[in-house]
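Each chain is listed here by its residues.
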Amino acid sequence: MIQVTNLTKKYGNHVAVDNLSFTVEKGQIYGFLGPNGAGKSTTMNIITGYLAATSGTVIINGKDIQKEPEEAKKCVGYLPELPPLYMDMTVEEYLRFVAELKKVPKADRASQVSEVMEMTRITDKKERLIKNLSKGYKQRVGFAQAILGFPEVIILDEPTVGLDPKQIIEVRDLIKKLGEEHTVILSSHILSEVSAVCDHIMIISHGQLVASDSPEGLQKIMSDSPRLEISVKGEKDKVQKVLGAVAGVQSVESDGVDEEGCEKYIVVADGDTDPREDVFYACADNRLPITGMKYNRKSLEDIFLELTGGEQAVEEALMENEGQSEEESQPEEKEEK
């Protein structure tokens, strides 16, 4: 559906997107994940034709976005981080205007506008001025304009920014519904959002793709052997012997003493083995009371921080792009005023 090859975007000496390549298959929800300043929005803007790349190609459904922009853009619906709304229009007026801009056949405009309003549950707001809507409903209007024309690909850039928890859940449900009939690319830095709705995750850092797989696949690839932290009352040699004899356990290491004076141990298990039950029964059979147990496996957040260089790299990316972000936001702020 989408083929991105060797995509690069430079702003002077700053490289926002660095030789990026990936493929988007039809009929899935893709999560485009990365820290602020990683190049997500820039990549989205290039795919949609809003920005020109410094080098590289973007092919959408066989059409080059630079050589055949009009044909390529017909395949894409786009919801930027700030929805492109006309505040003094009513919801219905705005969507009819968007339908005309998208060259939806005149005979189909009314029915399509009604359908997308129904899909996004804004039909009862169709006579309201957009400026009088809540942020959540404004976001729904933004979704509706992206869906109009029923393009094969829907691209959403940070669709839940600024929404309250209830609105976030509603937007996630809408994204899942869109994924039933469209290919969806969801840009975000919110890990829970991506893991909740996406079939496939691409992680970008400093403009480069550092991982691409399903959420489960990423966890499997990046996970070390599971670790069990356990506190046990009893003679150290006996405890280590009992724990070491449990099926699937690779090693047992002493890890000091906890607050209650019990010896702590690190138990490392094979691959996908979860040794907690066997460890419990082995200790119980040998009258070795367990006073604490904690099972550690890498979360999506751990994988994200590891692949993007950790919290320090995230902070550096924010500082590096602060000036550029301010410049890009200036015109928008002036227009709102």
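Quick caveat, the model's predicted, so the values are computed rather than measured.

Novice: How should I be thinking about the environment of S111 in this particular structure?
Specialist: By the secondary structure assignment, S111 is in helix α4 (residues 106–119). Separated by 2.9 Å, the side chain of S111 and the backbone oxygen of D108 make a polar contact.

Novice: Whenever I open this one, a nonpolar patch on the surface confuses me. Can you help?
Specialist: Together, F280, Y281 and M293 make up an exposed nonpolar region whose accessible area comes to about 320 Å². Its place among the elements puts M293 in strand β14 (residues 290–296).

Novice: Honestly, the packing of aromatic side chains in this entry has me stumped. Any pointers?
Specialist: Considering all chains together, one arrives at 4 aromatic pairs under this definition. Residues F22 and F32 carry aromatic rings whose centres are separated by 5.7 Å and whose planes lie at 45° to one another, so their mutual orientation is tilted. Taken together, the residues span a long stretch of sequence, with F22 in strand β2 (residues 14–24) and F32 in strand β3 (residues 29–33) at a distance of 10 residues. Using a relative accessible area of 7% as the deciding quantity, one classes F22 as buried. Judged by relative accessible area, which is 1%, F32 ranks as buried. The interplanar angle of 90° and the centroid separation of 5.6 Å between the aromatic rings of Y86 and F97 together place this pair among those described as edge-to-face. Here Y86, found in the loop between β6 (76–79) and α3 (91–101), pairs with F97, found in helix α3; they are 11 residues apart in sequence, far enough to count as distant.

Novice: I keep staring at the sheet that holds β14 and nothing clicks. Help me out?
Specialist: For sheets, the rule is that strands pair by backbone hydrogen bonds, running either parallel or antiparallel. Read across the sheet, 4 strands follow the order β12-β13-β11-β14 without closing on themselves; strand pairing throughout is antiparallel. Single-partner strands in this sheet number two, and they are β12 (249–257) and β14. With strand direction ignored, the average angle separating the axes of adjacent strands in the sheet is 20°. As judged from the 6 bridges shared by strand β11 (residues 227–232) and β14, these two strands associate in the antiparallel manner. From the neighbouring strand, R227 faces β14, where its bridge partner is N296. Most of the contacts of helix α9 (residues 236–244) go to β12, to which it runs at about 150°, and overall it touches β11, β12 and β13 (263–269). On the sheet, helix α10 (residues 276–285) packs against β11 and β14 and is oriented at approximately 165° with respect to β14.

Analysis parameters
- Residues numbered from 1 in each chain as written.
- Predicted model: local features only at pLDDT ≥ 70, side-chain atom pairs only at ≥ 80, totals over all residues.
- Heavy atoms only, no water.
- Helix = DSSP H or I, 4+ residues; strand = E, 2+ residues; numbered from the N terminus.
- Polar contact = N/O pair within 3.5 Å; in protein donor to acceptor, adjacent residues only side chain to side chain.
- Patch = residues over 30% accessible without salt bridge, like charges linked within 9 Å, V, L, I, M, F, W, Y side chains within 5 Å.
- Areas by Shrake-Rupley, 256 points an atom, 1.4 Å probe, with all protein chains shown as cover.
- Salt bridge = Lys/Arg side-chain N within 4 Å of Asp/Glu carboxyl O.
- Phe/Tyr/Trp six-rings, centres within 6.5 Å; stacked < 30°, edge-to-face > 60°.
- Buried < 20%, exposed > 50% of the residue type's maximum accessible area, 1.4 Å probe, protein only.
- Pairing = 2+ DSSP bridges.
- Axes fitted to C-alpha atoms, helices over the stretch in contact; angles between N-to-C directions.
- Contact = heavy atoms within 4.5 Å.

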